[in-house]
Amino acid sequence: MKKIAAILFCWLWAWAAWAAPAVQIVHSPSGIEAWLIEDHTLPIVAWQFSMTGGAGFDPADKSGTAGFLAAMLSEGSGSDDAATFAEKLQDLAADLSFGADDDYLRGSLRCLAENCPAAVALLRQALAAPSFAPEAVKRVRAQMLAAYQESRGDPATIAGELWNAKYFSAHVYGRSADQKSLSAITTADMRQAMEKMWRRGQLRIGVAGAISPSELGPMLDQAFGFMPPGQTPSPVADYTPAQTRMVTINQTMDVPQTVAVFGQPGVKRNDPDFYPLTVANHILGGGGFSSRLTTEIREKRGLTYGIGSYLSPRRYAGTIQGSVATRQDRFAQTLQLLQQIWRDFPNTITPAEVDQAKEYLLGSFPLRFSSTPRLAEILMSMQEDNLGADFLERRNDLLRAVDHAAVVAAAKKYFNPEHLLIAIVGAEFSSSPKEQNDAIPTSPTR
Amino acid sequence: MVKRRTLLNSIVYPLTTTPHPTSPTRGEEKVWPHAVRSVCIEKLLWGMIIWLCLLTPAHALTIETGRLDNGLQIVVLPNHRAPIVTQMVWYRVGAIDEPSGKSGLSHMLEHMMFKGTPDVPAGKFSETIARAGGNENAFTTVDFTAYFQTIAVEQLPLTLRLEADRMQNLQFDAQEFSAERQVVIEERKSRTDNNPDAIWFEEMNAALYRNHPYGRPIIGWREDIENYTLADLQNWYRQHYGPNNALLILAGDITLAQARPMIEKYFGTIAPITAPPRPITAEPMQRVQRIVDYSDARVRQPQFLRLTMAPSRYQSLPGQVTADWQASLRLELLAQILGGGRDGLLYKELVERRKLALSAGIGYDGVKSGYSTWSLSLVPNGKTKSEKLVVAADEYLTSLAKAPLPKTVVERAKKQFIASFIFAQDSNFHLAYVAGEILHRYDDVRTGLDQIDNWDEAINAITPAHLQTDLQMILAEKNTVQGWLLPAAIADGAIR
């Protein structure tokens, strides 16, 4: 292994030479801002943009409104029905798609550089003038209901929903779309969601590829210039859970493998503890095959195919979460190990583990810039998280500054098995303390 | 979030992988299905040839190929956009090579490849790559097993050394094996047993291929996984893992001239092996109708699937077109036109116009050593199985086969195919994957370059009349299996 160490050493020096891609801030003639990484290697342009709000604006009894709206944006607009709109995109060999989560409604466009102006015209049409043709609304609703129904048989989906509902309670993060809410959503609801989200102040735009700032500027106006200025205040507030004792919730389901989703309070993206906690989590469960959870539970004991943990820093709450799927008869053992590892972790972190985690997190940073759409997506997230346009240059310094003491301190502050909420779907599981779940009566229970 | 349903996502051929656990930042990369292209130009010293493809003068794709004396094939795809490189080692062994009773052995060996050598003990491989800032994983399919790392280009000597080491020095520890066998059993549960779609597909595929090894699941039947011996794995490794049964691909900030001395250094001393010839199995002509219906309490939405044996690039049934890569590209284009998601003609007819279905699609992948499978998948607009929908789909396809497809529709799809080549170049991983999937099959990779060099010409040469003939061939094929996936309570078709 000495040889490897020598190579590593040389490489760390070489690493200093890596330069982050240059981020340009572009303003349209009317003042719409986008962040751009210009790269003419291939004749490809990618746009990724988001509008704050997402499911946060969903009426309480109409979860899924933002997702429904996102789906409808591709289902016909202007004078084009769904099929004609799709054909126009095909003729340009452009990909345009929309999606929504609890915090944002997002769009993604990928096109050949020569077709970019025409593709942007279609993007504007989709955003500014969706048709909501009754026939299309009916079709999409049926598809979403079918997807919902199918997901009732998936223990991982059910476990995730149980966890969210218990941890986040009535907060938007705790809600999930269901048969009833999807059936209740109307075109008027979707138009209202548009009204709230289609504001310049809510836009975050990342663009990458073969396009210059002077070409991009006018296109931004073309795509988004119709939106009114300002922003709609969010009805969503920060969330910290009231309960901090360990709880397991269990829903039985006749499946050969039990699935558990676990988690506890964490940090938001702008928290000063974010980087120390990132390193800590990498050591515990984020580092793939080298992490403690994988080593102990998969590699040494063969109890699972996959176990891991990750930081989930969302707009209104931060959590540390993870999941595991394991055989019924060894589930109790797996859970016990998980809790034990979680408990021992803060007091057993070694300086070598911290160095090792930092080596990966520093060295792998450039691997994230793997494609043009990925670059655009990174630019969009940097704006969503208020990281600053120079973040790519600063990021590795922020991480380098994290030392062993800081990682241990963060781990002690956050990792606490007494705060773990564990949602289990599959075999009946008995240990105390626990609660039988009765939150989702429509789920398959046998 | 509830997402819109897509076309039976789980019912494509899965890459059987050992992904990292649930960490969201280290997901497996997806691979675009379409090919790469280049135009050959220039010859170089020491038997090495450079293919230079000029898509447009400003966007050249270069494919460099070489070969070591011990038979190791090398393909380099230089891309100097960022100082990183993706390394892949492809072995010509997969489910197709496995004897009856040993299904999944190639995949089990893929797992064991992370269990150490005398120099790099178990766990150290992944740890070393991680400390060097690299991502790595592996995948097994019906035809091949491949290992990859993406890493800063300065670290290439490290990844070359580690792959060369485990190509020749893998150790087989009984305790590691016994724990890893449990991991694979859990993997099988996660992928298949916990998922009614996957159980149904596995059974249907097994009914389609009763003689050909493609009827066995890549991950293996549970009974076989439980019965492997350590000697099975050792033998499988000795028989199939060697330089002359492998292809090394480098995609990224590197050229063959730069890489060759390093490759020589680490791989050059490995002795060649005598790999067994790859089996060529003919599937008997089907004489009896095969229906595979499956009811499961976890299912809420019925689905229909029909699998039809179709020509691949290398194997076809009597009565079908001769298997070659141009024929298989035509079928890929046809599948895209008819059933490529919401842009497909079937979706427009059955979902949008007649409102009989929630989704309708066709799947086909021709890059297979054995036969390919043409799949028609339908989700009825309702809670019960709908023979009316199946009849409507069949009638529609039959009506389409009566005349050439509309020229505008064909041209639109061709344009998209050509664009997909440019998009594929956007990622080192994708480019290495599409090149490797074609090229690893050849003792001399240059034999396969035609499929990349003349790819766009082959697409441009396709006419609506060709596609009409191909569709007639598919519709006439008798080697098919079909069935319904149903909720347990309505297995008899009655409404719950």
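What you see is a predicted model; the values in this text were computed from it and never measured.

### Structural notes on the overall build of chain A
Part 1: Helix and strand counts for chain A come out as 16 helices and 14 strands.
Part 2: On C-alpha atoms alone, chain A measures out to a radius of gyration of 24 Å, which is about the 22 Å that the 2.2 N^0.38 rule sets for 446 residues.
Part 3: Based on the C-alpha atoms only, the size of chain A along its principal axes is roughly 60 × 60 × 35 Å.
Part 4: Going through the 446 residues of chain A one by one, you find that 51% of them count as buried.
Part 5: Here the analysis covers contacts within chain A between residues at least 6 apart in sequence; of these, 82% occur between residues at least 24 apart.

### Some details on the overall build of chain B
Part 1: When helices and strands are tallied, chain B shows 16 helices and 15 strands.
Part 2: Taken across its 496 residues, chain B has 56% of its residues classed as buried.
Part 3: In chain B, once contacts between residues fewer than 6 apart in sequence are set aside, the share between residues at least 24 apart is 77%.

### Some remarks on the confidence of the model for chain B
Residue and element names in this part refer to chain B.
Part 1: Averaged over chain B, the pLDDT score is 87; the fraction of residues at 70 or greater is 86%.
Part 2: Below pLDDT 50 for its whole length, residues 1-59 participates in 159 contacts with residues either more than four positions away or in separate chains.
Part 3: Considering only residues more than four positions removed or in separate chains, one finds that residues 491-496, a stretch of pLDDT under 50, has 10 contacts.
Part 4: For this predicted complex, the interface score ipTM comes out at 0.88, while the overall pTM is 0.89.

### Let's talk about the pairing of strand β7 (residues 135-140) of chain B
Residue and element names in this part refer to chain B.
Part 1: β7 sits mainly inside the fold: 6 of its 6 residues count as buried.
Part 2: Burial along β7 is two-sided: Asn135, Asn137 and Phe139 and Glu136, Ala138 and Thr140, pointing in opposite directions, are all buried.
Part 3: Bridge count for β7 against strand β8 (residues 145-152) is 6 bridges, and the pairing is antiparallel. In the sheet register, Thr140 faces β8, and the bridge partner there is Thr145.

### Structural notes on the sheet that holds strand β3 (residues 44-52) of chain A
Consider a sheet: its strands pair through backbone hydrogen bonds, and that pairing is either parallel or antiparallel.
Residue and element names in this part refer to chain A.
Part 1: An order of β1-β2-β8-β3-β7-β6 is seen for the 6 strands of this open sheet, with the pairing classed as mixed. Strands at the two margins of the open sheet, each flanked by one partner only, are β1 (24-27) and β6 (95-100). Mean inter-strand twist for the sheet, computed between neighbouring axes without regard to direction, equals 20°.
Part 2: Judged from the 4 bridges that link them, strand β2 (residues 33-38) and strand β8 (residues 203-209) form a sheet pairing that is parallel.

### Overview of the nonpolar core
Part 1: Counting 278 residues, the largest nonpolar core has Leu69 and Ala159 of chain A together with Ala435 of chain B as its most contacted members.
Part 2: Ranked by the residues each element gives to this core, the list is headed by helix α9 (residues 325-339) of chain B, at 9 residues.

### Things to note about the domain arrangement of chain B
Residues and elements named next belong to chain B.
Part 1: By the assigned domains, chain B splits into domain 1 (15-267) and domain 2 (290-404 + 463-490).
Part 2: Domain 1 puts 15 residues into the contact, and the matching count from domain 2 is 18 residues.
Part 3: Tallied by class, residues from the side of domain 1 that touches domain 2 come to 10 nonpolar, 2 polar and 3 charged.

### Considerations on the interface of chain A and chain B
Part 1: Listed as interface residues are 81 residues of chain A and, on the opposing side, 67 residues of chain B.
Part 2: Only α1 (2-15), α2 (65-72), α3 (82-91), α5 (134-151), α11 (292-299), β11 (304-313), β12 (318-327) and α13 (351-363) of chain A provide two or more residues apiece to the side of chain A that touches chain B.
Part 3: For the side of chain A that touches chain B, the class distribution of residues is 39 nonpolar, 27 polar and 15 charged.

### Let's talk about the environment of Met197 of chain A
All names here are of chain A.
Part 1: Tracing the chain through its elements places Met197 in helix α8 (residues 187-197).
Part 2: Measuring from C-alpha to C-alpha, the distance between Met197 and Leu392 comes to 28 Å, with 195 residues separating the pair along the chain.
Part 3: Among all residues touching Met197, those that are not within four sequence positions of it are Met51, Gly53, Phe57, Leu105 and Gln202.

### Topic: the confidence of the model for chain A
Residues and elements named next belong to chain A.
Part 1: Looking at chain A, the pLDDT average stands at 91 and 92% of residues meet or exceed 70.
Part 2: Residue range residues 1-16 is modelled with pLDDT below 50. Its contacts to residues more than four positions away, or to other chains, number 13 contacts.
Part 3: The model gives residues 432-446 a pLDDT under 50, and that stretch makes 29 contacts with residues more than four places away or in other chains.

### Concerning the packing of α9 of chain B against helix α16 (residues 464-476) of chain B
All names here are of chain B.
Part 1: Between α9 and α16, whose axes approach to 10 Å, the crossing angle comes to 85°. In terms of axis orientation, α9 runs roughly perpendicular to α16. Taken together, the residues of α16 that come into contact with α9 (itself represented by Arg330, Leu331 and Leu334) are His466, Leu467, Asp470 and Leu471.

### As for helix α7 (residues 230-240) of chain B
Residue and element names in this part refer to chain B.
Part 1: Along α7, the residues classified as buried are Leu233, Trp236, Tyr237 and His240. Around the axis of α7, the buried residues are gathered within 100° of arc, so they sit on the same side.
Part 2: Contacts made by the buried residues of α7 are with β6 (84-91), α1 (105-112) and α4 (174-193).

### Topic: unusual backbone geometry
Leaving glycine out, the prevailing phi sign among residues is negative, and the prevailing peptide bond configuration is trans.
Part 1: At Phe132 of chain A, a residue that is not glycine, the phi angle is positive and equals roughly 50°.
Part 2: Looking at where Phe132 of chain A falls in the secondary structure, it is placed in the loop between α4 (116-128) and α5.
Part 3: With a phi angle near 60°, Lys355 of chain B is a residue other than glycine that sits in the positive phi range.
Part 4: Looking at where Lys355 of chain B falls in the secondary structure, it is placed in the loop between α10 (345-353) and β13 (357-363).

### Here we look at the environment of Leu338 of chain A
Residues and elements named next belong to chain A.
Part 1: Mapped onto the elements of the fold, Leu338 is located in helix α12 (residues 331-348).
Part 2: Leu338 sits in the buried class, given 25 other C-beta atoms within 10 Å.
Part 3: It is 8.0 Å that separates the C-alpha atoms of Leu338 and Ile297, two residues lying 41 residues apart in sequence.
Part 4: Look past the residues within four positions of Leu338 in its chain and what remains in contact with it is Phe262 and Val324.

Calculation criteria
Residues numbered from 1 in each chain as written. Chains lettered and ligands numbered in written order. Predicted model: local features only at pLDDT ≥ 70, side-chain atom pairs only at ≥ 80, totals over all residues. Helix = DSSP H or I, 4+ residues; strand = E, 2+ residues; numbered from the N terminus. Rg over C-alpha atoms; globule rule 2.2 N^0.38 Å. Buried ≥ 20, exposed ≤ 12 C-beta atoms within 10 Å, placed from the backbone. Contact = placed C-beta atoms within 7 Å. pLDDT = per-residue confidence, 0-100. Pairing = 2+ DSSP bridges. Axes fitted to C-alpha atoms, helices over the stretch in contact; angles between N-to-C directions. Core = buried A, V, L, I, M, F, W, Y, C linked by C-beta atoms within 7 Å. Domains from an automatic or database assignment. Nonpolar A, V, L, I, M, F, W, Y, C, P; charged D, E, K, R; others polar. Parallel < 35°, antiparallel > 145°, perpendicular 65-115°, else oblique. Arc of directions from axis to C-beta.

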